[in-house]
Every structure is written in C-alpha cells, then in structure tokens.
Amino acid sequence: MGHDAGVISLRTGYALALAACAMFALNGMLARIAIDGGFSAIDVAAVRIQGAALLLLPFAVPGLRRVRGTMLRPILLYGVVGLVLSQGLYFQAVERIDI
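None of the values given here were measured: they were computed from a predicted structure.

### Overview of a nonpolar patch on the surface
Judged by side-chain polarity, L77, V80, V81, L85 and L89 come together as a nonpolar surface patch covering roughly 480 Å² of accessible area. Within the secondary structure, V80 is located in helix α3 (residues 69-96). Residue classification places V80 among the exposed positions, given a relative accessible area of 51%.

Set out below in structure tokens:
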C-alpha cells in the first residue's frame, strides 16, 4: 500500500484532533488565570492573536506573496471579524463566567 506525500494518515489526523481539543481546553483555563492575575479580556485576546500570528507567519509568507490587491479587503475583513471579534468576545465571556 503506497503512501502519498500530501495525504496524512488516519493516526496523524486523530493525533492532531486530540491535540486541538487539548489546546482548546487549556486555552480557557490559561485565560482565566491571566484574567484573575489582572489582565483584561482584550489583553488576553491580543496576546493570543499576536502570538498565533508570530507562530504562523513563516508558513503564511509564501502564500501572502501571491495575494492580489482585490483579495486584500476580504482577507482583512476576515481578520477583523473572524479573529479579533470572535476572540475578544470569547475572552469577554471567560471573564464574566465563573469557571
């Protein structure tokens, strides 16, 4: 049975899904610790977004070189609405809910 270079195995897929679940669960706990330590929900969201941007930037640069001017507006809109707003509201909820 051959193995294509572009296809991940089922085992790798399950491992990635499990890692994503663990990171999502850890995210709320770490956010609560940071908020209880004096950070605002917006500060926690900003640190998370900026940290993710720095981590993912090396992988995104090759794709960003192919972005045309007409594609820039939808990408920025997705960044503001899809990332900043959702993260900000998530951490606002963590700040208000007793977990």
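### Considerations on α3
Over its 28 residues, α3 extends 40 Å from the first C-alpha to the last, a length consistent with the 40 Å expected when each residue adds 1.5 Å. Those residues of α3 lying buried are Q87, G88, F91 and V94. Packing partners of the buried residues in α3 comprise α1 (10-36) and α2 (41-64).

### Brief notes about the packing of α1 against α2
Contact geometry of α1 with α2 gives a least axis separation of 9 Å together with a crossing angle of 130 degrees. Taken together, the axes of α1 and α2 are oblique relative to one another. As α1 runs across α2, the sense of the crossing is right-handed. Across the interface between the two elements, N27, A31, A34 and I35 of α1 pack against A41, V44 and R48 of α2.

### Some thoughts on the nonpolar core
Residues A31, I35, A41, V44, A45, F91 and V94 constitute the largest nonpolar core, which totals seven residues. If one sorts the elements of this core by residue count, α2 sits on top with three residues.

### Some remarks on the pattern of salt bridges
Per the stated rule, a full pass over the model turns up two salt bridges. Among the salt bridges present, the one from R96 reaches E95, with a minimum N-O distance of 3.6 Å. Residue classification places R96 among the exposed residues on the basis of a relative accessible area of 62%.

### Quick look at the packing of aromatic side chains
Applying the stated rule across the entire model yields two aromatic pairs. Where F24 meets Y90, the ring centres are 6.1 Å apart and the plane angle is 40 degrees; that geometry is what we call tilted. Of this pair, F24 sits in helix α1 while Y90 sits in helix α3; the two residues are 66 residues apart in sequence, bridging distant segments of the chain. On the basis of relative accessibility, which here comes to 55%, the residue F24 falls in the exposed class.

Conventions and cut-offs
Residues numbered from 1 in each chain as written. Predicted model: local features only at pLDDT ≥ 70, side-chain atom pairs only at ≥ 80, totals over all residues. Heavy atoms only, no water. Patch = residues over 30% accessible without salt bridge, like charges linked within 9 Å, V, L, I, M, F, W, Y side chains within 5 Å. Areas by Shrake-Rupley, 256 points an atom, 1.4 Å probe, with all protein chains shown as cover. Salt bridge = Lys/Arg side-chain N within 4 Å of Asp/Glu carboxyl O. Helix = DSSP H or I, 4+ residues; strand = E, 2+ residues; numbered from the N terminus. Buried < 20%, exposed > 50% of the residue type's maximum accessible area, 1.4 Å probe, protein only. Expected span 1.5 Å × (residues − 1). Contact = heavy atoms within 4.5 Å. Axes fitted to C-alpha atoms, helices over the stretch in contact; angles between N-to-C directions. Parallel < 35°, antiparallel > 145°, perpendicular 65-115°, else oblique. Left-handed = near helix turned anticlockwise from the far one by under 90°. Core = buried A, V, L, I, M, F, W, Y, C linked by side-chain atoms within 4.5 Å. Phe/Tyr/Trp six-rings, centres within 6.5 Å; stacked < 30°, edge-to-face > 60°.

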